Amino acid sequence: MGETTIATRAHAVEARGLTKTYGGKTKALQGVSFDVEAGRVFALLGPNGAGKSTTVKILTTLARPDSGTATVAGHDVLREPNHVRRAIGCVGQKSAVDLEATGLENLVLQGQLFGMSGAEARRRGAELLERFNLAHVAKRVTHTYSGGMQRKLDVAMGLMHRPSVLFLDEPTTGLDPEARADLWREVAHLAGDDGLTVLLTTHYLEEADRLADRIAIVDHGRVVAEGTSDELKGGLRGDAVQIELDIEVPEARVRASLARLDGQLHDVKVNGRALHARVDNGAKALPAMLAALDGAGIGVVSVKMARPTLDDVYLHHTGHTLTEAEQGNAR
Ligand code: ADP
Ligand code: MG
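Remember, it's a predicted structure, so these values are computed and weren't measured experimentally. Here the residue numbering is sequential within each chain, running from 1 through the sequence in written order. Written order decides the labels, with chains lettered from A and ligands numbered from 1. The model is predicted, so local features are restricted to residues of pLDDT at least 70 and side-chain atom pairs to those at 80 or more, both for listing and for counting; the totals for chains, interfaces and linings are taken over all residues. Excluded from the side-chain calculations are hydrogens and water; all other atoms, namely the structure's heavy atoms, are used.

As for the site of ligand 1
Inference 1: One heavy atom suffices: a residue is near a molecule or strand as soon as one of its heavy atoms comes within 4 Å of it. Around ligand 1, the structure places Tyr22, Thr26, Ala28, Pro47, Asn48, Gly49, Ala50, Gly51, Lys52, Ser53 and Thr54.
Inference 2: Definition of a polar contact: a pair of N or O atoms within 3.5 Å, with one able to donate and the other able to accept a hydrogen when the atoms are protein atoms, and with sequence-neighbouring residues admitted only if both atoms are side-chain atoms. Within the contact set of ligand 1, an oxygen atom lies 3.0 Å away from a backbone nitrogen or oxygen of glycine 51.
Inference 3: Between ligand 1 and the protein, one listed contact pairs an oxygen atom with a side-chain N or O atom of threonine 54 at 2.6 Å.
Inference 4: Considered on its own, ligand 1 offers 560 Å² of accessible surface; in the complex 62% of this is hidden by protein.
Inference 5: For the shell around ligand 1, the element with the most residues is helix 1 (residues 52–59), which contributes three residues. Throughout, the Shrake-Rupley method with a 1.4 Å probe supplies accessible areas, and for residues the shown protein chains are the sole cover considered. In this text, helices come from DSSP runs of H or I with a minimum length of four residues, and strands from runs of E with a minimum of two, each type numbered from the N-terminal end.

Details of the sheet that holds strand 3 (residues 41–45)
Inference 1: One open sheet accounts for six strands, arranged 6-7-8-3-9-10; its pairing is mixed. Of all strands in the sheet, those with a lone pairing partner are strand 6 (88–91) and strand 10 (222–227), marking the two edges. Neighbouring strand axes in the sheet, compared pairwise and without regard to direction, differ in orientation by 15° on average.
Inference 2: Two strands qualify as a pair provided that DSSP identifies no fewer than 2 bridges between them. For strand 7 (residues 165–169) and strand 8 (residues 197–202), the ladder comprises five bridges, and the chain directions are parallel. Along strand 8, the bridge assignment pairs phenylalanine 167 with leucine 199.
Inference 3: Lying over the sheet, helix 11 (residues 310–318) contacts strand 3, strand 9 (214–219) and strand 10, oriented at roughly 45° with respect to strand 9. A fitted line through C-alpha atoms represents every axis, and for helices the fit uses only the stretch in contact; the resulting angles, taken between N-to-C directions, go from 0 to 180 degrees. The contact definition used throughout considers only heavy atoms, calling two residues in contact when any of these lie within 4.5 Å.

A look at the packing of helix 3 (residues 103–113) against helix 5 (residues 147–159)
Inference 1: Two elements in contact, helix 3 and helix 5, have axes whose closest approach is 9 Å; the angle formed by their N-to-C orientations is 25°. Taken together, the axes of helix 3 and helix 5 are roughly parallel relative to one another. The crossing of helix 3 and helix 5 is right-handed. The segment helix 3 lies against helix 5, with Gly103, Asn106, Leu107 and Gln110 engaging Leu153, Ala156 and Met157.
Inference 2: Throughout this entry, Asp, Glu, Lys and Arg are counted as charged residues, while Ala, Val, Leu, Ile, Met, Phe, Trp, Tyr, Cys and Pro are counted as nonpolar. The remaining residues, Gly among them, count as polar. A per-class count over the contact of helix 3 with helix 5 returns four nonpolar, three polar and no charged. Angular relationships are summarised with four words: roughly parallel below 35 degrees, roughly antiparallel beyond 145, roughly perpendicular across 65 to 115, and oblique for the angles in between. The hand of a helix crossing depends on one turn: near helix anticlockwise from the far one by less than a right angle means left-handed, and clockwise means right-handed.

As structure tokens, then:
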């Protein structure tokens, strides 16, 4: 045996206590910490304004934190930004595709920006076009591409220089469901086959659920929960109940009507006409809830009961559902 090798499985990304305030008052990040294991897909899940893009900008050296530290691929983002930049691929929320150029031209230019020769860039570009099922449109100007094709080209551009960590900021926002599913398949392969680490941000629960090995739920510049989808859901007991009321009723009145069920209900939340709660035993608690509402003269239109979803996890940790936060009526 010769040299010893370091056996620790390195984290591809480590963020510690990142804070960032814009313009002296917008607290975009209030202490964000998380680790991403190499070769995994990690999702930052949260609504608009949660601080996802700010986190990505700091990790990709495009912004400086006010405090906190971070390493990416083993390099400190503040002290070794050039090492970080060489190790990462970035696909921003806005497309970087030049719509006047062909798919191959976009890739070749990107490769040359990273110091590849023309021949090398063409070879790598052709390989990626093949990989993303875009070979048949390689020589077409990209404004003729569908949204999904443009997005895949964006991802391919991020991979030209063979990074070890790929950042995808809201990769499927604005795509139709079919294009979204197609991109999910591609991203899943990237981590699985190529050993790449992927850090993605999303406000789609389903995207985080399907794609990510681990999820950090971000709300108002903080990570409020972190784990696998199953761990996060498993942390919540019982069944999630959602009751649609026939008219908007003040939260206090709804709560008062349910007062005698107190011990059985968790995370009770009224938003507009939607009443959310978790119950230890749905089959037992639900009839009692409906009777209590009826007794208080509160009409019910529909009832849904299910195992807790990531949205229930989100509600549990933040006091509002992600769907409501997205609609901006959470507070
Ligand atoms: P997300 O990507 O989760 O939607 P962002 O990180 O873009 O969230 O934004 C977090 C908060 O910081 C928001 O309130 C946003 O308005 C604010 N913000 C982001 N970038 C800037 C900027 N360059 N100047 C001022 N405020 C900003
Ligand atoms: Mg964003």
